[in-house]
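Breakdown of the fold
Chain by chain, the residues run as shown.
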Amino acid sequence: MEKNIIKIAIVDGQGGGIGQQIVLKIREILSEIIENIEIIALGTNAFATVNMLKAKANKGASGENAIIKNVPEADYILGSISILVADSMMGEFTQKMSEAVAKSKAVKILLPINQSNIDIALTQQEPLPHQVEDAVLRLKNYIERTS
């Protein structure tokens, strides 16, 4: 009997540092079910994708078309809140990319990093490692509820 593979898209740009941390934390926290997970690194550029692949994402692709094609097929999407904002990440994240993420049926778990002049009420400003851990623990809760 074939196991149902959970597809997790990690979306990042610029240097891919946030995405890299997310991949590492997924591998740490979800290690008991990692064989049922496919981590897909989706970078706005090759450098971001390579850094997520170094953290042991299963596969990766770069650029606008890669993001537009892959986010609809994901079960979960993780990244900063900037992936919902056109022209974010210093212009790397296009309107078509943000629209594809927003329209995806995937559960979106987003870090409230204030890089796009978006301030989310009722969130505490935590250091990035705390935000990443919280995001991955939320992912774990979603997976456990649907398994």
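Residues numbered from 1 in each chain as written. Predicted model: local features only at pLDDT ≥ 70, side-chain atom pairs only at ≥ 80, totals over all residues. Heavy atoms only, no water.

As recorded in an unreviewed UniProt entry, the protein chain goes by the name DUF3842 family protein, listed as coming from Thermodesulfobium acidiphilum.

Let us look at the sheet that holds strand β5 (residues 107-111). By definition, the strands of a sheet pair up through backbone hydrogen bonds, in either a parallel or an antiparallel sense. In space, the five strands of this open sheet follow the order β3-β2-β1-β4-β5, with parallel pairing throughout. In this open sheet, the two strands that pair with only one neighbour each are β3 (59-62) and β5. On average, each strand axis in the sheet is inclined to that of its neighbour by 20°, with strand direction left out of account. As defined by bridge partners, strand β2 (residues 37-43) adjoins β3 across four bridges and the pair is classed as parallel. Note on β3: the bridge partner recorded for G43 is S62. The strands that helix α2 (residues 46-54) touches are β1 (6-12), β2 and β3; relative to β2, the one it contacts most, it runs at about 155°. (Pairing = 2+ DSSP bridges. Helix = DSSP H or I, 4+ residues; strand = E, 2+ residues; numbered from the N terminus. Axes fitted to C-alpha atoms, helices over the stretch in contact; angles between N-to-C directions. Contact = heavy atoms within 4.5 Å.)

Quick look at the environment of K96 now. Within the secondary structure, K96 is located in helix α4 (residues 95-103). Its relative accessible area of 54% is what places K96 among the exposed residues. Excluding anything up to four places from it in sequence, K96 contacts E64 and I68. (Buried < 20%, exposed > 50% of the residue type's maximum accessible area, 1.4 Å probe, protein only.)

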